[in-house]
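As a plain string of letters, each chain reads:
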2 protein chains.
Amino acid sequence: MSSTPTRAPSSGATTEARAPVRRHLSERQADTVARLTDAAVAEVRGAGYDGLTVRNVARRAGVAPATAYTYFASKDHLVAEVFWRRLQDQVPTPLDGRRSASARVTTAIADIADLITGEPELAAACTTSLLAGDPDVARIREQIGIEMAARLRAALGAAFDADVLDALSLALSGAMLQAGMGYFPHAELADRMATVARLVLGP
Amino acid sequence: MSSTPTRAPSSGATTEARAPVRRHLSERQADTVARLTDAAVAEVRGAGYDGLTVRNVARRAGVAPATAYTYFASKDHLVAEVFWRRLQDQVPTPLDGRRSASARVTTAIADIADLITGEPELAAACTTSLLAGDPDVARIREQIGIEMAARLRAALGAAFDADVLDALSLALSGAMLQAGMGYFPHAELADRMATVARLVLGP
DNA sequence: GAGGGCGCTGGACTACTGTCCAGGCCGGCC
DNA sequence: GGCCGGCCTGGACAGTAGTCCAGCGCCCTC
């Protein structure tokens, strides 16, 4: 579940290729998409989430707005894709069977938190975007949920239990939400979830 | 923390009365606001969240769009206010000291879930709106968070523990989020949280 | 070197959002 | 009765999002 050579932006699968966006992109297309996602990150860093516009991102990427809209339905779709790519590209910390289950879970969650820690603007942007109603975003959200659940499950290992996994998933959603909304810094996320894991799993 | 006679829509407190909206509304104003929130609910039931527009709601309420914008900055603000009012108006199930802490917590959460259970469209609308970036919405969100935490704390009673409360709050946020996103029906929310409560508190 | 197709262009266009303001209506007050 | 202030009206307005399409340029193939 890590990076694929040329990767289609998670789009249009609901309506199955409604546009010239195919499942597998040509090298040039993949490059355009990558330039767009990079430009989106730069734009968020520079102008914040409010200044973020598909048109602005397109300009920064040196691409016509219409082109950007070919690949991304909205700015939310664009930012959600950024997060999804980071998650896919991340190599999770290897599991250590000698440590406790809650320690492994904590590590897995810290990995995820690290994806955006230290970039509050980007973190907030990802959170907001991931919550959008846009169907393309919904698809990405679902994939992210699957990936996170898989990581938690792997971290639990022998301690796996459906109820425990469910509880951790809910708490993790809530924690990412609250951190994204600014109720506490992302740096605290891992700590808080560590406490939850200990409560649920024992030390 | 229940209904006040004339209640200002949770607006403009950040900039402290930026508009003719004062903390305490005249009877007529309160009536206008109530007509607007009612119309918003009717509109969501009728046309769904997508069909929801401040202008549409205003028309349904028999009010000029500009008037609606006097009280609500956006449709998200409007819908968030609907949820907040429902929460305030609800009389929570009385606490039963003879039952276990997890049972009391489950009941408290069931109360909250009941606010929107059975109206999926409205539930989805509230979830989405509550997540908006709009500062007016942020204020309402914060108040809702405070109220929910207070209810959980009361339900815990003697079993109160900061870490437990934190874990439950996170899980509840996550559960409301996931239910609102359609990952599972609101009817399941209380059950899932009951499981979490049992894990965290014991049976 | 010519042809063809893919991807990008750029600009027009529609729909909608939130803001603003001048004016009208209705109540209460002198 | 006449004035006045509070609230609402209605319509104009700018800014923006997403869609669409006719056309261009580049690269690959033959």
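Residues numbered from 1 in each chain as written. Chains lettered and ligands numbered in written order. Predicted model: local features only at pLDDT ≥ 70, side-chain atom pairs only at ≥ 80, totals over all residues.

**Focus: the relation of the copies chain A and chain B**
In step 1: When chain A is brought onto chain B, the operation consists of a screw motion whose angular component is 180 degrees and whose axial shift is 0.0 Å, with 0.0 Å RMSD remaining. What the superposition gives is, in effect, a two-fold axis relating one chain to the other.
In step 2: An overlap of 100% is found between the interface residues of chain A and their copies at the interface of chain B, pointing to a shared contact surface. (Least-squares fit on C-alpha atoms with pLDDT ≥ 70 in both. Contact = placed C-beta atoms within 7 Å.)

**Side note on the packing of helix H8 (residues 162-180) of chain A against helix H9 (residues 186-201) of chain B**
In step 1: Closest axis-to-axis distance for the H8(A)/H9(B) pair is 10 Å, and the angle between their directions is 105 degrees. Our classification of the angle between H8(A) and H9(B) gives roughly perpendicular. Along its contact with H8(A), which presents A:Asp163, A:Val164, A:Asp166, A:Ala167 and A:Leu170, the element H9(B) presents B:Arg192, B:Thr195, B:Val196 and B:Leu199.
In step 2: A per-class count over the contact of H8(A) with H9(B) returns five nonpolar, one polar and three charged. (Axes fitted to C-alpha atoms, helices over the stretch in contact; angles between N-to-C directions. Helix = DSSP H or I, 4+ residues; strand = E, 2+ residues; numbered from the N terminus. Parallel < 35°, antiparallel > 145°, perpendicular 65-115°, else oblique. Nonpolar A, V, L, I, M, F, W, Y, C, P; charged D, E, K, R; others polar.)

**Let's talk about the interface of chain A and chain B**
In step 1: Each side of the interface is counted separately: chain A has 20 residues, and chain B has 20 residues.
In step 2: With 12 residues, H8(A) is the largest single contributor of residues to the side of chain A that touches chain B.
In step 3: Across the side of chain A that touches chain B, the residue classes break down as 11 nonpolar, six polar and three charged.

**Topic: the protein's contact with DNA strand D**
In step 1: Every one of the 18 residues lining DNA strand D counts as a neighbour, but A:Ala66, A:Ser74, B:Thr32, B:Ala64 and B:Ala66 are closest to it.
In step 2: Listed by contribution, the elements that provide at least two residues to the surface near DNA strand D are helix H2 (54-61) and helix H3 (65-71) of chain A together with helix H1 (27-47) and helix H3 (65-71) of chain B.
In step 3: Of the residues contributing to the surface near DNA strand D, the split by class is eight nonpolar, seven polar and three charged. (Near = placed C-beta within 6 Å.)

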